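Fold and geometry: a report
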Amino acid sequence: MKVNKKMLIQWYHIYFLALLGGTAAVLLLTPLAQKLAAVWDIMDRPKGEKHKFHGAATPLLGGAAMFSGWLLMLAAGLLSWHCSSGLEQAEIINRYLPGAQNNLFRIAIIAAGAAAAVLLGTIDDIKGLKAHWKFLGQLLIALLAAGPGEMRISLFISAPWISYVITVFWFMMLMNAINFFDNMDGLAAGTAAIALILFTVAAGFQQQYFIATLSALGAGCALGFWFYNYTPASIFMGDGGSHFLGYLLAVASTGTTYFNPAIAASKVPVLIPLCILAVPIFDAMTVTVVRTLNGKPFWIGDHNHISHRFVRMGLSRKRAVQLVHILCLLTGLSSLPILWSSLATTIVISVQMLLLLMLITILQYAVIPHDLDSVVPPDKLKK
């Protein structure tokens, strides 16, 4: 008996299930994390910090909730993948099952890195780690991913050690960039969800099925948490959550091979991760430069991020977050055609994105005063 092709499981079905499963798992687990945070007293209580405005103590176990949902769905996915291998409709599962089984060790290493990222951030949330200990932990996590995890950014460089150094730097940079970006309700979670969905599309288009599925699962977890973290947030992701999302973004971006000579002769598609993550990376670079030039530690939070500058221009915090998300969509969606475009088209797209970021920067720095010590007040509650 022939099976109707319409009944066959396709990869986009798996991506959608991973996205939906991650969202549902985190939606269900976050209330539990809120209760545990209250019981264990893992709460964010402002102690006079100028960059914090929430009055009531807020749970800080959002990272644990996202990681728990991610790990649960990853395990469920691997189990269902194995159990459904005998189904006649699951032809693609039967075809790729041996490859998935051969990569179980790599999957375990990736999961261990994610656990370490959440643990490092959560310890910082509870104890308040010194910057050098935090950077050391990030370095060890990056070394784990680049070594046993086999995550490498080659950039067509033959020297393995250079590839190794670039990869380690990329992982550390993204964990810190998302940590910096977690400065308003829903901002980092929404940005990570957008980026991971775009990485799912890019990896799927390049037939990198494992990374595409992993990206879709991560996007679902970020999206599920966003419903609790969006204004007014009932729980914060904390450093545990920002490190986890930064780690997932690093895995998604380094795990995909963007250059495919069968699709495009140009090697420029390797810049796609930079385009998808242009806004958070650009924000991290600008605040780091501004703080350094003003003699202040770049790891100490302030109100000079792109979102804060939008508020100073007259937007509410909620609208500022929405505008940043639109910018992330603009730069991210513009990068996808690079996968199959010519070099000339790629240059035009890249210049367009740079001009967009320059326009936003000029507007922000021209309209508002440059004051590192100024703060952005919270939105006024409607009566």
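Reading guide: rules and limits
- Residues numbered from 1 in each chain as written.
- Predicted model: local features only at pLDDT ≥ 70, side-chain atom pairs only at ≥ 80, totals over all residues.
- Heavy atoms only, no water.
- Helix = DSSP H or I, 4+ residues; strand = E, 2+ residues; numbered from the N terminus.
- Buried < 20%, exposed > 50% of the residue type's maximum accessible area, 1.4 Å probe, protein only.
- Contact = heavy atoms within 4.5 Å.
- Areas by Shrake-Rupley, 256 points an atom, 1.4 Å probe, with all protein chains shown as cover.
- Salt bridge = Lys/Arg side-chain N within 4 Å of Asp/Glu carboxyl O.
- Phe/Tyr/Trp six-rings, centres within 6.5 Å; stacked < 30°, edge-to-face > 60°.
- Core = buried A, V, L, I, M, F, W, Y, C linked by side-chain atoms within 4.5 Å.
- Polar contact = N/O pair within 3.5 Å; in protein donor to acceptor, adjacent residues only side chain to side chain.
- Expected span 1.5 Å × (residues − 1).
- Arc of directions from axis to C-beta.
- Patch = residues over 30% accessible without salt bridge, like charges linked within 9 Å, V, L, I, M, F, W, Y side chains within 5 Å.
- Axes fitted to C-alpha atoms, helices over the stretch in contact; angles between N-to-C directions.
- Parallel < 35°, antiparallel > 145°, perpendicular 65-115°, else oblique.
- Left-handed = near helix turned anticlockwise from the far one by under 90°.
- Nonpolar A, V, L, I, M, F, W, Y, C, P; charged D, E, K, R; others polar.

**Let's talk about the overall build of the protein**
A count of helical and extended segments in the protein gives 14 helices and two strands. In the protein, which comprises 383 residues, the share counted as buried stands at 49%. Put simply, of all contacts in the protein between residues at least 6 apart along the chain, 76% involve residues at least 24 apart. For the protein, the exposed surface amounts to about 18400 Å²; the carbon and sulfur share of it is 70%.

**A short note on the pattern of salt bridges**
For the coordinates displayed, the defined rule picks out two salt bridges. Residue Asp124 pairs with Lys134 through a salt bridge whose shortest N-O separation is 3.0 Å. Placement of the pair is Asp124 in helix α4 (residues 104-127) and Lys134 in helix α5 (residues 131-146), with a sequence separation of 10 residues. Residues Asp124 and Lys134 agree in their burial class; the two are buried. Where Lys134 meets Asp239, a salt bridge forms, and the shortest distance between an N and an O atom there is 2.5 Å. With Lys134 in helix α5 and Asp239 in helix α9 (residues 238-254), this residue pair connects regions lying 105 residues apart in the sequence. A single burial state applies to Lys134 and to Asp239, both of which are buried. Taken together, the shared-partner salt bridges connect Asp124, Lys134 and Asp239 into one network.

**Focus: the packing of aromatic side chains**
All told, the structure shown has six aromatic pairs when counted by the stated rule. Considering the side-chain rings of Phe67 and Phe244, the 6.0 Å spacing of their centres and the 85 degrees angle between planes classify their relative orientation as edge-to-face. On the criterion of sequence distance, the pair formed by Phe67 in helix α2 (residues 62-83) and Phe244 in helix α9 is long-range, its members being 177 residues apart. Using a relative accessible area of 14% as the deciding quantity, one classes Phe67 as buried. The exposure class assigned to Phe244 is buried, which follows from its relative accessible area of 0%. Look at Trp70 and Phe244: their rings are 5.9 Å apart centre to centre, the planes differ by 75 degrees, and that puts the pair in the edge-to-face class. Placement of Trp70 in helix α2 and of Phe244 in helix α9 is noted, with a sequence separation of 174 residues between them. Aromatic ring contacts, followed pair by pair, group Phe67, Trp70 and Phe244 into a single cluster.

**A look at the nonpolar core**
One finds Trp70, Phe244, Tyr247, Leu249 and Leu277 to be the most contacted residues of the largest nonpolar core, which totals 97 residues. Examining the composition of this core, we find that 12 residues originate from one element, helix α7 (residues 187-205), more than from any other.

**Considering unusual backbone geometry**
Note the cis peptide between Thr231 and Pro232, where omega equals -10 degrees. Mapping Pro232 onto the fold places it in the loop between α8 (209-229) and α9. With a phi close to 60 degrees, Asp41 is a non-glycine residue in the positive phi region. As for its position among the elements, Asp41 is in the loop between α1 (11-40) and β1 (43-44). Judged by its relative accessible area of 46%, Asp41 is partly exposed.

**Structural notes on the side chain of Ser307**
Take Ser307: it is sitting in helix α12 (residues 306-312). In this structure Ser307 comes out as buried when scored by relative accessible area, which is 0%. Here Asn183 takes part through its side chain, which lies 2.5 Å from a polar atom of the side chain of Ser307. When residues no more than four places from it in sequence are discounted, the contact partners of Ser307 are Asn183, Met184, Leu187, Ala320 and Val324.

**Quick word on the environment of Met353**
Along the chain, Met353 falls in helix α14 (residues 343-367). Along the chain, Met353 and Cys275 lie 78 residues apart, while their C-alpha atoms are 8.0 Å from each other. Discounting residues that sit within four places of it in the chain, Met353 has contacts with Cys275, Thr331 and Ser334.

**Some thoughts on α5**
The first and last C-alpha atoms of α5 sit 22 Å apart over 16 residues, in line with the 22 Å expected at 1.5 Å per residue. Inspection of α5 places Ala131, Lys134, Gly137, Gln138, Ile141, Ala142, Ala145 and Ala146 among the buried residues, and these make up the whole buried set. When α5 is viewed along its axis, its buried side chains cluster within an angular range of 165 degrees and face the same direction. Contacts from the buried residues of α5 go to α4, α6 (160-181) and α9.

**Some thoughts on a nonpolar patch on the surface**
A contiguous nonpolar patch, built from Leu343, Ile347, Val351, Leu355, Met358 and Ile362 and spanning about 560 Å² of accessible area, is present on the exposed surface. Considering the arrangement of structural elements, one finds Ile347 in helix α14.

**Thoughts on the packing of α6 against α9**
Remark: α6 packs on α9, axes separated minimally by 8 Å, with the N-to-C direction vectors making an angle of 135 degrees. Our classification of the angle between α6 and α9 gives oblique. The hand of the α6/α9 crossing is right-handed. For the pair formed by α6 and α9, the contact residues are Trp170, Phe171, Leu174, Met175, Ile178 and Asn179 on the first element and Asp239, Ser242, His243, Leu245, Gly246, Tyr247, Leu249, Ala250, Val251, Ser253 and Thr254 on the second. Residue composition of the contact of α6 with α9, by class: 10 nonpolar, six polar and one charged.

Just geometry here; none of it tells us what the structure is for.
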